[in-house]
Amino acid sequence: MAKKTETELATSTDAPIVVPDWMQQEEVKGSDTLGDFMVTPRMTIVQAMSDSDRKEAFGEGGVAIMPDGLKVAGKDEPFVVIPLIFWASWEVRSDLNDSTTPMIENSTQDPNSETARKARNKDTREETYGNGFTRKYVEALNFIVKIDSGEASGELATISFSVGEHHTGSRLCGLLKRRPCSIFANRIELKTAVRQRNNRSWYGFEFNNPVDTPIIQDKDVYMELSKMHDSLRGIVDSGAFKVADESGSATSTVDAEALPI
């Protein structure tokens, strides 16, 4: 049997961790600061610019969890996710051709920051610097989701919508806001679709209701998801939450369109 990854061990629904009845009544000790070091993998769409190994492994337009290298779905193949938590962030991104400046110059969750203010104003989202480079101020709409179908069912991953995909993220936020239930009670079907704009093309997500049910029906499942939401809410609000980059290191949120993946 292949060795399971840390993500599989922590989130597997096939073999959930069950503690004895007597332990369920005990205070949980010693894990309160573990969230400060929590790093969640990223859900990535394989783009035309992705390297050949990735395209061979998952197919152009396919979806994978990185850096774990787990397949989520192929091109045009729908899969279901449960959104556990949402938050917005704002970033200063350097020019892709600027090899001397970090990709993410600054990242914040403060909606009143200068970075957030510039990102929300179309006239200040871009500025020139250095030797003809362009710096971007970007708003990202972020979700931690639990995958609820397919090969990666049970896994947790972060999805970020920004730049060309910001509108999709905004529409998803609107859909969830209109539903009379908690965010983690929702089930959303995702699949990839080609975008075309200004002589550019890339893959993004389209969303719909699952064919079975868009709302969690099992109370025990709902209560477990509620606990996960509460735990993640505390970590995100504290600013300690990190998202893994392609190598597994902690980094800020970035979108597939902006990176040469």
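Rules used in this analysis
- Residues numbered from 1 in each chain as written.
- Predicted model: local features only at pLDDT ≥ 70, side-chain atom pairs only at ≥ 80, totals over all residues.
- Heavy atoms only, no water.
- Pairing = 2+ DSSP bridges.
- Helix = DSSP H or I, 4+ residues; strand = E, 2+ residues; numbered from the N terminus.
- 1 Å grid on protein atoms, 1.4 Å probe; cavity = no way out; pocket = protein on both sides within 12 Å on 5 of 7 lines; lining within 4 Å.
- Points joined across faces, edges and corners; volume = space filled by probe spheres on them.
- Nonpolar A, V, L, I, M, F, W, Y, C, P; charged D, E, K, R; others polar.

Colleague: What's the story with the pairing of strand β10 (residues 188-197) in this structure? I'm lost.
Modeller: Here is the key point about a regular strand: its side chains alternate between the two faces of the sheet. Relative to β10, strand β5 (residues 79-93) runs antiparallel, the two sharing three bridges. What sits directly across from F79, in β10, is L190. Judged from the nine bridges that link them, β10 and strand β11 (residues 200-208) form a sheet pairing that is antiparallel. For T192, the partnering residue across the bridge sits in β11 and is F205.

Colleague: I'm lost on empty space enclosed by the protein in this one. Help?
Modeller: Unfilled space is identified by rolling a water-sized probe across the atoms. This model, assessed by the stated rule, comprises one cavity of 30 Å³ or more. Here the largest cavity defines a volume of roughly 60 Å³. What lines the largest cavity is V81, P83, F143, V145, I159, F161, L172, L176, I188 and L190. For the lining of the largest cavity, the secondary structure elements donating two or more residues are β5, β8 (133-147), β9 (156-161), α5 (166-178) and β10. Of the residues belonging to the lining of the largest cavity, the class tally is 10 nonpolar, no polar and no charged.

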